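Structural description and commentary
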Amino acid sequence: EAGVTQFPSHSVIEKGQTVTLRCDPISGHDNLYWYRRVMGKEIKFLLHFVKESKQDESGMPNNRFLAERTGGTYSTLKVQPAELEDSGVYFCASRKRGSSYNEQFFGPGTRLTVL
Amino acid sequence: AQSVTQLDSQVPVFEEAPVELRCNYSSSVSVYLFWYVQYPNQGLQLLLKYLSGSTLVESINGFEAEFNKSQTSFHLRKPSVHISDTAEYFCAVSELPWNSGGSNYKLTFGKGTLLTVNP
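Since the model is a prediction, treat every value here as computed from it, not as a measurement. (Residues numbered from 1 in each chain as written. Chains lettered and ligands numbered in written order. Predicted model: local features only at pLDDT ≥ 70, side-chain atom pairs only at ≥ 80, totals over all residues. Heavy atoms only, no water.)

1. Comments concerning the overall build of chain B
Keep this limit in mind: Helix and strand definitions here come from DSSP, where helices need a minimum of 4 consecutive H or I residues and strands a minimum of 2 consecutive E residues; each element is numbered from the N-terminal end. For a compact globule the rule gives 2.2 Å times the number of residues to the power 0.38, and the radius of gyration it is set against comes from C-alpha atoms. Between two residues, a contact is recorded if the distance between any of their heavy atoms is within 4.5 Å.
Counting its regular elements, chain B contains one helix and twelve strands. Ordered by position in the sequence, the α and β elements of chain B form the string β-β-β-β-β-β-β-β-β-β-α-β-β. Against the globule reference of 14 Å for 119 residues, chain B gives a C-alpha radius of gyration of 14 Å, in line with a compact fold. Put simply, of all contacts in chain B between residues at least 6 apart along the chain, 60% involve residues at least 24 apart.

Have a look at this one:
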């Protein structure tokens, strides 16, 4: 079974440009999460999808960030326009549906550098 | 809201020495507790978790952590480390679903502790 995959692994863009990050969850996982780690800080929750629906967007930093999960499979996270403070590692995680605890499986992350 | 404090950002040790990585948390509600590990150039992997029951939990590679409710701690220990244990370790908590009104399970992380095992 393939794990969570993220594309690209690295992205270097200039301030003001647009970047789109992609996450492919484990097949059959309804829950998909985005997290971000800014250098020197903790990994922070951004948002949570259940299938194609956004359940919790409380961690999204501002309206320059747009996450989608059309069809309830892969997800994209677009940053437009990118600012210097958006640099960091963006992690995606997926989890099986269930009322009891199920493990979140993480992807390798996308390292975003905004110059 | 929850917060997690990992008191040590870096811990260098020699091979075969014991190690303890400290984690304290703050929460007004009950939480699940986790340790994740990130090896170089890899994603985060779950190392061990405390959901309920015995307060001492163990991983398959010799790590253990003990949940201490009175001290709100979940320290990670290993009696003898190997070079292959070199990685960054993250402590995390997740609010119990009945507290958050659903099965969100979003994680709140500490800043991480870089464990470097030297020969």
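Here the narrative resumes.
2. Overview of the nonpolar core
Just so we agree on the cut-off: In these notes, a set of buried Ala, Val, Leu, Ile, Met, Phe, Trp, Tyr and Cys residues joined through side-chain atoms within 4.5 Å is what counts as a nonpolar core. Burial classification: accessible surface area is computed with a 1.4 Å probe over protein chains only, and a residue below 20% of its type maximum counts as buried, one above 50% as exposed, and the rest as partly exposed.
Core analysis: the biggest nonpolar cluster contains 28 residues, and Leu33(B), Trp35(B), Leu47(B), Leu48(B), Phe74(B), Leu76(B) and Tyr89(B) have the highest contact counts within it. Listing elements by their share of this core, those giving two or more residues are strand S2 (10-14), strand S3 (19-21), strand S5 (31-38), strand S6 (44-50), strand S8 (64-68), strand S9 (73-78), strand S10 (87-95) and strand S12 (113-118) of chain B. If you look at the next biggest cluster of nonpolar residues, it comprises 21 residues, including Leu46(A), Leu47(A), Ala67(A) and Leu77(A).

3. Some words on the environment of Lys78(B)
All names here are of chain B. Selection criterion: Within 3.5 Å is the distance limit for a polar contact, defined as a pair of N or O atoms, with the added protein rule that one can donate a hydrogen and the other accept it, and that residues adjacent in sequence qualify only through two side-chain atoms.
Locating Lys78 in the fold gives a position in strand S9. Judged by its relative accessible area of 5%, Lys78 falls in the buried class. Apart from residues lying up to four places away in sequence, Lys78 is in contact with Ala17, Pro18, Val19, Asn61, Gly62, Phe63 and Asp85. Here Asn61 takes part through its backbone oxygen, which lies 2.9 Å from a polar atom of the side chain of Lys78.

4. Section: unusual backbone geometry
Residues and elements named next belong to chain A. In this structure, Pro8 follows Phe7 across a cis peptide bond, with omega equal to -5 degrees. Along the chain, Gln80 connects to Pro81 via a cis peptide bond; the corresponding omega equals -10 degrees. With respect to the helices and strands, the residue Pro81 is situated in the loop between strand S8 (75-79) and strand S9 (88-95).

5. Quick notes on the pairing of strand S5 (residues 43-50) of chain A
Residues and elements named next belong to chain A. For clarity, the cut-off: Paired strands are those between which DSSP finds at least two bridges.
Among the eight residues of S5, six are classified as buried, and the element is accordingly described as predominantly covered. The pairing of strand S4 (residues 31-37) with S5 spans seven bridges and is antiparallel. Bridge pairing links Tyr33 to His48 in S5. Hairpin connection from S4 to S5: five residues lie between these consecutive antiparallel strands, with Gly40 at a positive phi of about 85 degrees. Summarising the sheet, S5 and strand S6 (residues 53-56) pair through three bridges and their orientation is antiparallel. Across the sheet, the residue bridging to Phe49 is Lys54, located in S6.

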